[in-house]
Every structure is written in C-alpha cells, then in structure tokens.
Amino acid sequence: MAPLLFEDTFEIVCVDPDGKKFDKVSRIEGRGNKFDAHILLDVNTDVYPIHKDKRYTIGLASTLDLDGTSDTGYYNQGGRESLADRYDYVMYGRLFKITENSSLKAEMYVSYGGLLMLLRVDPNTASKFDLDMRLFLLMKRTE
C-alpha cells in the first residue's frame, strides 16, 4: 500500500463557521484525534454532504498508486485498484504555503482548484511536506 503522508480522524465541530458563501460548497472545521490537528477545508457538499459532530478520516498522499509509484499528473483509466478506491471523496491540489507560528504548530495551505485547506499540525508532521508539492486529499466517513 502506498504510504499516506498524513492520516487522522477528524470530528467536524462546525460547518460554515463564517456563514454560507456558496450554494454547493461548505467550509468545515475539524479537530483531529491522533495528532492534535486542526483543519479548515472547503468541500463540495453537492457531491459529498458533510454533517456536524460526525467523524471523517482525512488522509494526504502524493500518489494514488498502491505500490507508491510517483504521480505522473495524468489520470490512468486502466481500471487498476488505487488508494482512491478506499475513500469516498478525493481532491487533487498543490501545497502553496507552509508557516510555523508561535503556538508550536505548522500551518499548511493547499488549493484544490479553488477549494482551500488549512491544516495545523506539529512541525514534525509538516516536515514530510514540501512547498509546491502536489497532494491528494482522501476523505471518508468514520463510525
């Protein structure tokens, strides 16, 4: 299996904390269980509805190939099993900013074609990521 660079189970504490801005997109806020992570994530709720107080597993990977082969940037329609088959919602984007703030957390900003993610994690976890890195976000409901 391709190693995930990051995976945690998040409890959704708020949906649209600043009010609803778009009809088909909601911004969710979640708190991680394993890594004391915090996430703000834009999700196309027309395709994948999100519910407050529910748990979702969110992972970040640089490739969907189960053998860890680097991503070529092209979608392979060959019908092979991929990491995406194990999740319900997948987005592909680019890490455009990494910062460390005074609260001993690193902040990583990723754009998924205009849908944004802010992930606050400890600096050791953030060290696995590089600026301008292409990332897949993988998400599934956890019960």
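Source: prediction; values computed, not measured. (Residues numbered from 1 in each chain as written. Predicted model: local features only at pLDDT ≥ 70, side-chain atom pairs only at ≥ 80, totals over all residues. Heavy atoms only, no water.)

*Asks:* Describe the layout of surface pockets, naming the residues involved and giving the relevant values.
*Replies:* One simple way to see leftover space: roll a probe sized like a water molecule over the atoms. Its boundaries defined by the atoms lining it, the second largest pocket holds a volume of some 190 Å³. In terms of lining residues, the second largest pocket is bounded by 14 residues, among which Asp16, Lys21, Phe22, Arg27 and Asp42 are the most central. For the lining of the second largest pocket, the secondary structure elements donating two or more residues are β2 (25–32) and β7 (115–121). Here the element with the most residues in the lining of the second largest pocket is β2; it accounts for three residues. (1 Å grid on protein atoms, 1.4 Å probe; cavity = no way out; pocket = protein on both sides within 12 Å on 5 of 7 lines; lining within 4 Å. Points joined across faces, edges and corners; volume = space filled by probe spheres on them. Helix = DSSP H or I, 4+ residues; strand = E, 2+ residues; numbered from the N terminus.)

*Asks:* Give a description of the packing of aromatic side chains that names residues and reports values.
*Replies:* The tally for this structure, following the rule as stated, stands at six aromatic pairs. Between the aromatic rings of Tyr48 and Tyr56, the centroid separation amounts to 6.2 Å while the plane-to-plane angle is 75 degrees, which identifies the pairing as edge-to-face. The class for Tyr56 is buried, based on a relative accessible area of 1%. One aromatic cluster is present, formed by Phe6, Phe10 and Phe35 through successive ring pairs. Directly above the ring of Tyr109 sits Lys97, whose terminal nitrogen or CZ lies 5.2 Å from the centroid. (Phe/Tyr/Trp six-rings, centres within 6.5 Å; stacked < 30°, edge-to-face > 60°. Buried < 20%, exposed > 50% of the residue type's maximum accessible area, 1.4 Å probe, protein only. Lys NZ or Arg CZ within 6 Å of the ring centre and 35° of its normal.)

*Asks:* Tell me about the pattern of salt bridges, and name the residues and values.
*Replies:* Taken as a whole and assessed by the stated rule, the structure comprises nine salt bridges. When the shortest N-O distance is used, the salt bridge between Asp16 and Lys20 registers 4.0 Å. Taking relative accessible area as the criterion, Asp16 reaches 17% and is therefore assigned buried. Across the pair Asp65 and Arg80 runs a salt bridge, and its minimum N-O distance is 3.1 Å. With Asp65 in the loop between β4 (55–61) and β5 (89–100) and Arg80 in the loop between β4 and β5, the pair connects residues that are 15 residues apart, well separated along the chain. (Salt bridge = Lys/Arg side-chain N within 4 Å of Asp/Glu carboxyl O.)

*Asks:* Quick rundown of the pairing of β5? Include the residues and the values.
*Replies:* Of the strand pairs in this sheet, β5 and strand β8 (residues 134–142) are connected by six bridges, and their pairing is antiparallel. Residue pairing across strands places Tyr92 opposite Phe136, the latter belonging to β8. Two elements, β5 and strand β6 (residues 106–112), share six bridges in a ladder whose sense is antiparallel. Bridge pairing in β6 places Thr99 opposite Glu107. (Pairing = 2+ DSSP bridges.)

*Asks:* Kindly report on the environment of Thr125, identifying the contributing residues and their values.
*Replies:* Within the secondary structure layout, Thr125 lies in helix α1 (residues 123–126). According to the relative accessible area criterion, Thr125 is buried, its value standing at 8%. Each C-alpha atom of the pair Thr125 and Asp71 lies 21 Å from the other, and the pair is 54 residues apart in sequence. Residues in contact with Thr125, not counting those within four places in the same chain, are Phe6 and Phe35. (Contact = heavy atoms within 4.5 Å.)

*Asks:* Describe the sheet that holds β8, with residues and values.
*Replies:* Taken together, the eight strands give a closed barrel; going around it, the order is β1-β2-β3-β7-β6-β5-β8-β4, and neighbouring strands pair in antiparallel fashion. In this sheet, adjacent strand axes meet at a mean angle of 35 degrees when their direction is disregarded. (Axes fitted to C-alpha atoms, helices over the stretch in contact; angles between N-to-C directions.)

*Asks:* Just give me the short version of the side chain of Ser82, but keep the residues and values in it.
*Replies:* As for its placement among the helices and strands, Ser82 is situated in the loop between β4 and β5. With sequence-adjacent residues up to four places away left out, Ser82 is seen in contact with Leu64 and Leu66.

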